[in-house]
Amino acid sequence: MNTTPSTTTTPSTTTPPAGTTDPAEGSADAVTEEATAKDSLVKDPATDSPAKDPAPKDATGTPSGAADSGTAPDDLAGQPDDDDDALEPDPFDEARHGVGAGAAAVVSAALGVVALTGAWTGRVAAERETLIGQIQTSGGGSAAQQISEIYGDAWHTTALVNGVFAVLALLVGVFVLIRPAFGAPSERPQPTWVRAVALAGVALGVLGVLISAGMYFDLFVSLPTAGAPAGG
């Protein structure tokens, strides 16, 4: 029988050297610091509100917002300026504007000149009346009848034809002048030269009407009269 007392082994409690920390305490401190760092990312220390995530960055390290702002001016510069194109007048529209009114004004002035100087239609009509008068008085007639049939009718026919041209010149000129007041309003006013030419046509038309009326009614020059035959 062994009488030697049994020895029990107790865990040795060794004191760590000075300047070192316990591993358990180090891990606890690390967990505490990690939790504190997460709380600081979630909440703003000043306002105790969730902090905003920083702007995302692209592969080069530049924030995506900065990249978009940098490329926006280039995109705007590359786009055509539609507003400037809309404000600029079309040269073809400018050329077509007033063409019809200008042509009508020129026609009015030309008709007025024809009314004052006479047209070939008036001469042809006068010659026809002269021929008719000669035929009618060939079998005999008084001197007053011959003057009226041969000379008077031709004179009146010429005045009538010139008066028709004068009335046409007057009507066309007035139409050109009053045309902007009717129909759809135009964005641009009527050109000055169109109004000037149309006004000239109206003036020539009025003058032609007055002269033609005086010729037709023998207001300026009366028909010649045959003198009484001298007694024998």
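Shown above is the structure to which this text applies.
In this report, the structure presented in the accompanying data block is examined. (Residues numbered from 1 in each chain as written. Predicted model: local features only at pLDDT ≥ 70, side-chain atom pairs only at ≥ 80, totals over all residues. Heavy atoms only, no water.)

**Overview of the pattern of salt bridges**
Part 1 of the reasoning: With the rule as written, the count across this model stands at one salt bridge.
Part 2 of the reasoning: For Arg 128, the salt bridge is made with Glu 129, and the minimal N-O distance between the two is 3.9 Å.
Part 3 of the reasoning: Relative accessible area serves as the criterion here: at 53%, Arg 128 is assigned to the exposed category.
Part 4 of the reasoning: Residue Glu 129 is classed as partly exposed on the basis of its relative accessible area, which comes to 21%. (Salt bridge = Lys/Arg side-chain N within 4 Å of Asp/Glu carboxyl O. Buried < 20%, exposed > 50% of the residue type's maximum accessible area, 1.4 Å probe, protein only.)

**Digging into the packing of aromatic side chains**
Part 1 of the reasoning: If you walk through the whole model with that rule in mind, you get two aromatic pairs.
Part 2 of the reasoning: Their ring planes at 25 degrees and their centres at 6.2 Å tell us that Tyr 151 and Trp 155 sit as a pair that is stacked. Of the two residues, Tyr 151 and Trp 155 both sit in helix α7 (residues 143-178), four residues apart, roughly one turn of that helix.
Part 3 of the reasoning: Looking at Tyr 151, the relative accessible area reads 42%, which means it is partly exposed.
Part 4 of the reasoning: A relative accessible area of 28% means that Trp 155 is categorised as partly exposed.
Part 5 of the reasoning: For the pair Tyr 216 and Phe 217, a centre-to-centre distance of 5.3 Å together with 85 degrees between the ring planes defines the contact as edge-to-face.
Part 6 of the reasoning: Judged by its relative accessible area of 36%, Tyr 216 is partly exposed. (Phe/Tyr/Trp six-rings, centres within 6.5 Å; stacked < 30°, edge-to-face > 60°. Helix = DSSP H or I, 4+ residues; strand = E, 2+ residues; numbered from the N terminus.)

**Quick word on a nonpolar patch on the surface**
Part 1 of the reasoning: A cluster of nonpolar side chains, contributed by Leu 116, Leu 160, Val 164, Leu 168, Leu 207, Ile 211, Tyr 216, Phe 217, Leu 219, Phe 220 and Val 221, occupies part of the molecular surface with about 1,100 Å² of accessible area.
Part 2 of the reasoning: Listing elements by their share of the nonpolar patch, those giving two or more residues are α7 and α8 (192-216).
Part 3 of the reasoning: Mapped onto the secondary structure, Phe 220 falls in the segment after α8.
Part 4 of the reasoning: For Phe 220, a relative accessible area of 55% puts it in the exposed group. (Patch = residues over 30% accessible without salt bridge, like charges linked within 9 Å, V, L, I, M, F, W, Y side chains within 5 Å. Areas by Shrake-Rupley, 256 points an atom, 1.4 Å probe, with all protein chains shown as cover.)

**Let's talk about helix α6 (residues 120-136)**
Part 1 of the reasoning: Over its 17 residues, α6 extends 25 Å from the first C-alpha to the last, a length consistent with the 24 Å expected when each residue adds 1.5 Å.
Part 2 of the reasoning: Within α6 the residues assigned to the buried category are Gly 122, Ala 126 and Gly 133. Angularly, the buried residues of α6 cover 35 degrees about the axis, an arc narrow enough to put them on a single face. Seen from the buried face of α6, the exposed residues on the opposite side, beyond 90 degrees, are Trp 120, Glu 127, Arg 128 and Ile 135. (Expected span 1.5 Å × (residues − 1). Arc of directions from axis to C-beta.)

**Overview of the environment of Thr 225**
Part 1 of the reasoning: Mapped onto the elements of the fold, Thr 225 is located in the segment after α8.
Part 2 of the reasoning: Sequence-wise, Thr 225 and Gln 145 are 80 residues apart; in three dimensions their C-alpha atoms are separated by 9.9 Å.

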